[in-house]
Amino acid sequence: MNRPTDEFFQRDRTWHPPAYARDYKTSVARSPSLPLLSLQQSLSEVTGPTFGPRDIGPLDHDLIRNYAHGGEPVGERIIVHGRVLDENARPVPNTLVEVWQANAGGRYRHKKDTYLAPIDPNFGGCGRALTDAEGRYFFRTVKPGAYPWRNWVNNWRPAHIHVSVFGSGFIQRLITQMYFEGDPLIHRCPIVTTIPDARAIDSLIAPLDMNAAVPLDCLAYKFDIVLRGRRSTLFENRLEGN
Amino acid sequence: MVQPLDYLKETPSQTAGPYVHIGLAPGAAGFEIFETELGRDIAGPNAAGERIEIEGTVFDGTGAPMKDVLIETWQANAAGIHPHPADPRAAEVEDGFRGWGRVISDFDTGRWSVATVKPGAVKGRSNRMMAPHLSLWIVARGINVGLQTRMYFGDETEANAADPVLNLIEQAHRRATLIAERTAPGRYRFDIHLQGDRETVFFDI
């Protein structure tokens with residue numbers, strides 16, 4: 001059976017950062033210099049891995065508890081929640097959302113991170129969750145700290161959480177970063193400003209969400225994620241021909 | 001004035017950064033947190049077809065191996081079927097075949113390798129057969145939007161010559177950048193070059 005609705009909208013490359021961004025120095029030698037080859041989608045691209053509850057553990061979405069060794073991690077307790085939608089504003093259910101972040105002092109639990117802020121013995125810094133039928137996900141964690149990085153002499157990353165999302169087709173695959181409302185470092189960051197359009201940058205900044213905060217326990221931030229939408233093929237050739 | 005188009009805009013991409021391993025391959029990066037590490041077993045124990053190993057290195061524009069890359073692979077099984085509801089034959093896929101893999105390059109050498117089964121040919125657009133291939137997605141520090149490409153097999157000369165995607169590449173000599181060299185029975189080598197004379201063909205799909 002042909003599934004003519006399985007193709008995805010074209011990716012708007014002017015909305016995403018360009019591969020080559022001079023002020024983000026590492027991108028200079030890591031950006032293809034020749035044009036990308038434009039390809040019409042086939043079954044190889046509109047399909048992708050699927051995930052289910054058996055793939056993840058019961059604490060995977062709770063970064064306050066999933067690496068705790070007899071104590072609680074240090075830092076501002078927060079909930080990060082939102083929905084995964086597509087460009088048609090339809091929820092993306094049962095999709096895998098993975099996150100990773102520095103601890104409250106701005107230090108990653110990674111052997112390549114040598115920043116002088118200390119490792120937190122009770123904080124691993126990674127989590128994962130499946131979206132529900134309405135595309136909703138949530139994590140509990142501590143707010144990550146800002147940290148310096150080697151680009152210009154005095155560059156600092158704004159507080160951020162890395163987010164990885166799948167969707168239903170391999171070409172919806174997306175990695176991005178979530179920033180926090182009110183952080184003065186956001187617009188000074190050469191990684192953030194690889195994104196040319198100010199509205200696109202705004203879409204990565206999570207607002208404080210007092211409605212989702214838990215009184216006397218933790219604050220909340222809301223971060224919706226939009227993946228490429230599916231096209232309803234009206235008068236076009238079908239993906240698999242006739 | 002016209003009516004507004006009310007589509008949402010895709011969330012913009014940001015680099016995976018140097019610590020992508022924490023989130024996506026914590027076990028491979030040397031710390032134990034999850035019971036199940038995802039993407040380690042592509043084919044599972046029941047998959048038919050030839051068991052193969054693919055190894056390679058990703059090189060930056062200066063020719064240096066990239067030691068902080070994460071690659072995801074996606075493929076059909078040996079019969080050319082994807083384990084996904086959009087594939088009309090998905091019910092025939094062997095139990096345990098995920099088709100999806102995730103690997104990081106070695107912190108010291110930049111080498112990566114994956115074990116899987118060789119995929120079968122897949123029907124492409126207009127019913128034209130596509131030669132056996134893996135779809136690859138490459139992220140790392142310095143890569144602002146994940147790079148999409150394909151890996152074909154060097155011992156599929158006839159199928160590769162007829163492949164509709166390889167034939168889209170205008171400069172014929174660049175087609176070889178998508179074809180893995182067979183170095184021994186069941187072993188392939190696939191190097192990826194982000195820039196330079198051998199720059200890999202990357203896709204906008």
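Scoring rules and cut-offs
- All residue numbers refer to positions counted from 1 along the written sequence of the respective chain.
- Here the convention is simple: chains get letters from A, ligands get numbers from 1, in the order in which they are written.
- With the structure being a predicted model, the display of local features is reserved for residues of pLDDT at least 70 and the display and counting of side-chain atom pairs for 80 or more, all residues being used for whole-chain, interface and lining totals.
- The side-chain quantities take in all heavy atoms of the structure and omit both hydrogens and water.
- Runs of H or I in DSSP of at least four residues are treated as helices and runs of E of at least two as strands, each being numbered from the N terminus.
- Polar contacts here mean pairs of N or O atoms no more than 3.5 Å apart (in protein, one a potential hydrogen donor and the other a potential acceptor; neighbouring residues in sequence count only if both atoms are side-chain atoms).
- What makes two residues a contact is simply this: any of their non-hydrogen atoms within 4.5 Å.
- By convention a nonpolar core is built from buried Ala, Val, Leu, Ile, Met, Phe, Trp, Tyr and Cys residues, the set being connected through side-chain atoms within 4.5 Å.
- Using a 1.4 Å probe on the protein chains alone, a residue whose accessible area is under 20% of its type maximum counts as buried, one over 50% counts as exposed, and one in between counts as partly exposed.
- Any Phe, Tyr or Trp ring, taking Trp's six-membered ring, that has another such ring centre within 6.5 Å forms a pair; planes under 30 degrees apart are called stacked, those over 60 apart edge-to-face, and the others tilted.
- The rule is short: NZ of Lys or CZ of Arg within 6 Å of the ring centre and within 35 degrees of the ring normal puts a charge over the ring.

Trainee: It is not clear to me how the side chain of Asn144(B) should be interpreted in this structure. Could you clarify?
Mentor: Along the polypeptide, Asn144(B) turns up in the loop between strand S7 (133–139) and strand S8 (147–153). Here the side chain of Asn144(B) touches Ala19(A) through a polar contact of 3.4 Å, landing on its backbone oxygen. Apart from residues lying up to four places away in sequence, Asn144(B) is in contact with Pro17(A), Pro18(A), Ala19(A), Ala21(A), Tyr24(A), Ser27(A), Thr194(A), Ser13(B), Gln14(B) and Thr15(B).

Trainee: When you look at the nonpolar core in this model, what are you seeing that I'm missing?
Mentor: Nonpolar side chains tend toward joint burial in soluble globular proteins. Ranked by internal contacts, the top residues of the largest apolar core, which has 38 residues, are Val84(A), Tyr137(A), Val163(A), Met178(A), Phe223(A) and Ile225(A). Within the residue set of this core, elements represented by two or more residues are strand S2 (77–86), strand S3 (96–101), strand S5 (136–142), strand S8 (160–165), strand S9 (174–180), helix H2 (198–202) and strand S12 (225–227) of chain A. If one sorts the elements of this core by residue count, S9(A) sits on top with four residues. With sequence-adjacent residues up to four places away left out, Ile225(A) is seen in contact with Arg83(A), Val84(A), Leu85(A), Tyr137(A), Val163(A), Val165(A), Leu174(A) and Thr11(B). Residues Leu130(A), Ala29(B), Ile33(B) and Ile104(B) belong to the second largest nonpolar core, which totals 30 residues.

Trainee: Sorry, what's going on with the packing of aromatic side chains here?
Mentor: In this description, a pair of aromatic rings is defined by centroid distance and the angle of the planes. Scanning all chains against the criterion turns up twelve aromatic pairs over all chains. Ring centres of Tyr108(A) and Tyr147(A) lie 5.3 Å apart, and the angle between their planes is 80°; on these two criteria the pair is classed as edge-to-face. With Tyr108(A) in the loop between S3 and strand S4 (126–130) and Tyr147(A) in strand S6 (residues 147–149), this pair connects stretches of sequence that are 39 residues apart. For the pair Tyr108(A) and Tyr147(A), one class covers both residues: buried. The lysine or arginine in question, Lys9(B), covers the ring of Trp15(A), its NZ or CZ lying 5.0 Å from the ring centre.

Trainee: Even after reading the chapter, I still don't get the environment of Lys123(B), so can you show me in this structure?
Mentor: Residues and elements named next belong to chain B. Mapped onto the elements, Lys 123 comes out in strand S5 (residues 122–123). In this structure Lys 123 comes out as partly exposed when scored by relative accessible area, which is 39%. The spacing of Lys 123 and Gly 80 is 43 residues in sequence and 8.0 Å in space, taken between C-alpha atoms.

These figures come from the coordinates and say nothing about function on their own.
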